[in-house]
Amino acid sequence: MTFAGSAAGPAQFPRDGLPEVAFLGRSNVGKSSLLNALSGQKDLARVSAQPGRTRLVNFFRVDDELYFVDLPGYGYARAPAAEREGWERLVTSYLLGRDPLALCLFLVDPRHEAQGSDEMLRDFLDRHGLPRVVAATKADKLGRGEVSRRRQEIRRGVGSSALDVIPVSARTGDGIDELWRAIRAALKP
Ligand code: GDP
């Protein structure tokens, strides 16, 4: 996986037509760590946390197979309205009408209840018919029983009956292969 560039708007999105998997979740959910874990590299996604890049759409190319698209995190309780609108404009400009977009990877932290902003994202994806896989991050912080209990709650909250919630840990690597399988299954024509 290689960093393929940042975009402030549609004019800068890639044009080679490879399928894209968009990463969405609240700030601090573990998005950069998960990108690194999926790529098997340690520091790659750190570029997206560099000052100035957190408000951009960052593209990571996985060989000739696909792009991982790192969308800015949402849900800072204290973010000013103008900033939230900026987030919406950028993310909407990506999510709507983006032909190569094959799958949204919706990340939730299973230690917290679904927040209003998660439910808004769920409704947005539903309304626009955007397919999603839900991953519960930082699974190593919970015991097994707790993981499976939260899994059911998350499925009811932001998942869908047709989809499973995949617990993952960037720290231990648990669930990373399963998540890759779910991504590849979703990309099949
Ligand atoms: P982002 O803001 O969504 O990109 O989140 P980061 O990947 O920067 O992670 C936010 C915090 O959660 C950091 O302190 C990470 O070390 C921690 N974190 C991320 N993934 C895991 C995980 O799988 N297990 C544990 N225990 N901590 C994690």
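The following refers to the structure shown. Keep in mind that what you see is a predicted model, and the values were worked out from it rather than measured.

Counting buried positions along strand E2 (residues 20–25) yields 6 of 6 residues, so the element is predominantly enclosed. Neither face of E2 is exposed, since Glu20, Ala22 and Leu24 on one face and Val21, Phe23 and Gly25 on the opposite face are all buried. Examined bridge by bridge, E2 and strand E4 (residues 66–70) share 4 bridges and lie parallel to one another. Looking at the pairing, Val21 lines up with Phe68 of E4. Inspection of the sheet shows E2 paired to strand E5 (residues 101–108) by 6 bridges, in the parallel sense. Directly across from Leu24, in E5, lies its bridge partner Phe106.

This next bit is on the site of the ligand. Taken together, Asn28, Val29, Gly30, Lys31, Ser32, Ser33, Lys138, Asp140, Lys141, Ser169, Ala170 and Arg171 are the residues near the ligand. A distance of 2.8 Å separates an oxygen atom of the ligand from a polar atom in the backbone of Ala170. Here a nitrogen atom of the ligand sits 3.2 Å away from a polar atom, N or O, in the side chain of Arg171. Burial of the ligand by the protein amounts to 72% of the accessible area it has alone, namely 580 Å².

Here the structure, examined in full by the defined rule, presents 7 aromatic pairs. Seen in terms of ring centroids, Phe59 and Tyr94 are 6.3 Å apart; in terms of plane orientation they differ by 65°. Their pairing is edge-to-face. Residue Phe59 is found in strand E3 (residues 57–62), and its partner Tyr94 is found in helix H2 (residues 81–95); the two are separated by 35 residues along the sequence. Under the relative-accessibility criterion, Phe59 is labelled buried at 2%. Residue classification places Tyr94 among the buried residues on the basis of a relative accessible area of 0%. Grouping aromatic residues by their ring pairs yields a cluster made of Phe13, Phe59, Tyr67 and Tyr94. Above the plane of the ring of Trp180 lies Arg184, whose end atom (NZ or CZ) is 4.2 Å from the centre.

The rules behind each value
Residues numbered from 1 in each chain as written. Predicted model: local features only at pLDDT ≥ 70, side-chain atom pairs only at ≥ 80, totals over all residues. Heavy atoms only, no water. Buried < 20%, exposed > 50% of the residue type's maximum accessible area, 1.4 Å probe, protein only. Helix = DSSP H or I, 4+ residues; strand = E, 2+ residues; numbered from the N terminus. Pairing = 2+ DSSP bridges. Near = heavy atom within 4 Å. Polar contact = N/O pair within 3.5 Å; in protein donor to acceptor, adjacent residues only side chain to side chain. Areas by Shrake-Rupley, 256 points an atom, 1.4 Å probe, with all protein chains shown as cover. Phe/Tyr/Trp six-rings, centres within 6.5 Å; stacked < 30°, edge-to-face > 60°. Lys NZ or Arg CZ within 6 Å of the ring centre and 35° of its normal.

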